[in-house]
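# Observations on the model geometry
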Amino acid sequence: MAKIKIAKQKVTFSYAAPHAESVVLAGDFTGWEHAPLVLKKNKSGVWAKTVSLPAGEYEYRLLVDGKWQDDPQCSNRRANQFGGQNCVCIVNGLTSDAVVG
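My aim in this report is to walk through the structure given alongside it, one point at a time. (Residues numbered from 1 in each chain as written. Predicted model: local features only at pLDDT ≥ 70, side-chain atom pairs only at ≥ 80, totals over all residues. Heavy atoms only, no water.)

Before going further, it helps to examine the overall build of the protein. Counting its secondary structure elements, the protein contains 0 helices and 10 strands. For the protein, the N- to C-terminal ordering of α and β elements is β-β-β-β-β-β-β-β-β-β. Taking as baseline every contact in the protein between residues at least 6 positions apart, the subset at least 24 positions apart corresponds to 67%. Surface accessibility of the protein: about 6700 Å² in total, with carbon and sulfur atoms responsible for 53%. (Helix = DSSP H or I, 4+ residues; strand = E, 2+ residues; numbered from the N terminus. Contact = heavy atoms within 4.5 Å. Areas by Shrake-Rupley, 256 points an atom, 1.4 Å probe, with all protein chains shown as cover.)

For the rest of this paragraph, the subject is the pattern of salt bridges. Counted according to the given criterion, the structure contains 4 salt bridges. Between Arg 78 and Glu 57 there is a salt bridge whose closest N-O contact spans 2.6 Å. One end of the pair, Arg 78, is in strand β8 (residues 77-79); the other, Glu 57, is in strand β6 (residues 56-64), and 21 residues separate them in sequence. Residue Glu 57 is classed as partly exposed on the basis of its relative accessible area, which comes to 46%. A salt bridge links Glu 59 to Arg 78; the shortest N-O distance between them is 3.0 Å. Linking Glu 59 in strand β6 with Arg 78 in strand β8, this pair joins segments that are 19 residues apart in sequence. One salt-bridge network, in which partners are shared between bridges, spans Glu 57, Glu 59 and Arg 78. (Salt bridge = Lys/Arg side-chain N within 4 Å of Asp/Glu carboxyl O. Buried < 20%, exposed > 50% of the residue type's maximum accessible area, 1.4 Å probe, protein only.)

Turning next to the state of the cysteines. Tallied over the entire structure, the rule returns 0 disulfides. Left unpaired, Cys 87 is separated from the closest cysteine sulfur, that of Cys 74, by 4.6 Å. Cys 87 gets classed as buried once you look at its relative accessible area, which sits at 0%. Cysteine Cys 89 is unpaired, with the sulfur of Cys 74 as its nearest cysteine sulfur at 7.3 Å. (Disulfide = S-S within 2.5 Å.)

Keep in mind these values describe shape, not function.
Printed below as a string of structure tokens:
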């Protein structure tokens, strides 16, 4: 029996915060705070991280210097259990790379 390979798409998350000391990406695809992803800052002060995700919808937030922040460039939102909103990244399964934030 042949295995079905699920195609993944590269998604780049970014956040402009030149004065921040750290930016971390946490979402349902990282187990939230169990395995968050650290973003790397470039010379212009934009933090970024590229991850490979299969098609689907993913909720996430950014942890900037220890405080939860929304991704201001993400217009898709969903209410969370804490009275706020999570950002929603939609990966459509096409072969082109996606950029969020």
